[in-house]
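# Reading the structure
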Amino acid sequence: MTSAGEIQVGPRLRAARRERGLTISEVAEQVELCLFDDARNETRVTMTEVDAFVWHCFLPSVQPGQRYGYRVHGTYDPPKGLRCNPSKLLLDPSR
């Protein structure tokens with residue numbers, strides 16, 4: 001949590017473990033964390049853990065500076081505000 005009480009999303013490193021992939025979605029049916037190497041090859045990791053709409057996963061081999069994005073599967077119905085589209089790579093705007 002931040003000092004303002006907001007939940008921080010996005011990858012973060014912790015002293016004893018590395019945790020990647022924290023994103024919030026109430027409508028997602030599946031979320032993939034997409035990791036990119038220096039050659040821009042994409043590796044997708046299906047996030048299987050979700051608590052209170054927060055999708056997360058644990059990847060012990062991920063290091064600081066890892067390039068990443070998310071692909072969100074679910075309903076695509078823009079008039080209802082639903083825009084899940086796994087063909088689109090979502091980037092973390094705070095990075």
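Here, every reference points to the structure presented above.
Overview of the structure. (Residues numbered from 1 in each chain as written. Predicted model: local features only at pLDDT ≥ 70, side-chain atom pairs only at ≥ 80, totals over all residues. Heavy atoms only, no water.)

## Focus: the overall build of the protein
On a plain count of helices and strands, the protein comes out with 0 helices and 9 strands. Listed by position from the N terminus, the elements making up the protein come as β-β-β-β-β-β-β-β-β. Within the protein, the fraction of its 95 residues that count as buried is 33%. Relative to all contacts within the protein whose residues are 6 or more apart in sequence, the contacts with residues 24 or more apart total 58%. When the accessible area of the protein is evaluated, it comes to approximately 6500 Å², of which 50% is carbon and sulfur surface. (Helix = DSSP H or I, 4+ residues; strand = E, 2+ residues; numbered from the N terminus. Buried < 20%, exposed > 50% of the residue type's maximum accessible area, 1.4 Å probe, protein only. Contact = heavy atoms within 4.5 Å. Areas by Shrake-Rupley, 256 points an atom, 1.4 Å probe, with all protein chains shown as cover.)

## Regarding the pattern of salt bridges
All chains considered together, the criterion is met by 5 salt bridges. The shortest N-O distance in the salt bridge between aspartate 38 and arginine 67 comes to 3.7 Å. One end of the pair, aspartate 38, is in the loop between β3 (30-36) and β4 (42-47); the other, arginine 67, is in strand β7 (residues 67-73), with 29 residues separating them in the sequence. Relative accessible area serves as the criterion here: at 72%, aspartate 38 is assigned to the exposed category. Through salt bridges with shared partners, a single ionic network connects Glu32, Glu42, Arg44 and Arg71. (Salt bridge = Lys/Arg side-chain N within 4 Å of Asp/Glu carboxyl O.)

## Details of the pairing of strand β6 (residues 54-58)
Burial within β6 is extensive, with 4 of its 5 residues counted as buried. With 3 bridges connecting them, strand β5 (residues 49-51) and β6 associate as antiparallel partners. Bridge assignment links valine 50 to a residue of β6, and that residue is tryptophan 55. What sits between β5 and β6 in their antiparallel hairpin is a turn of 2 residues, with alanine 52 showing a positive phi close to 50 degrees. (Pairing = 2+ DSSP bridges.)

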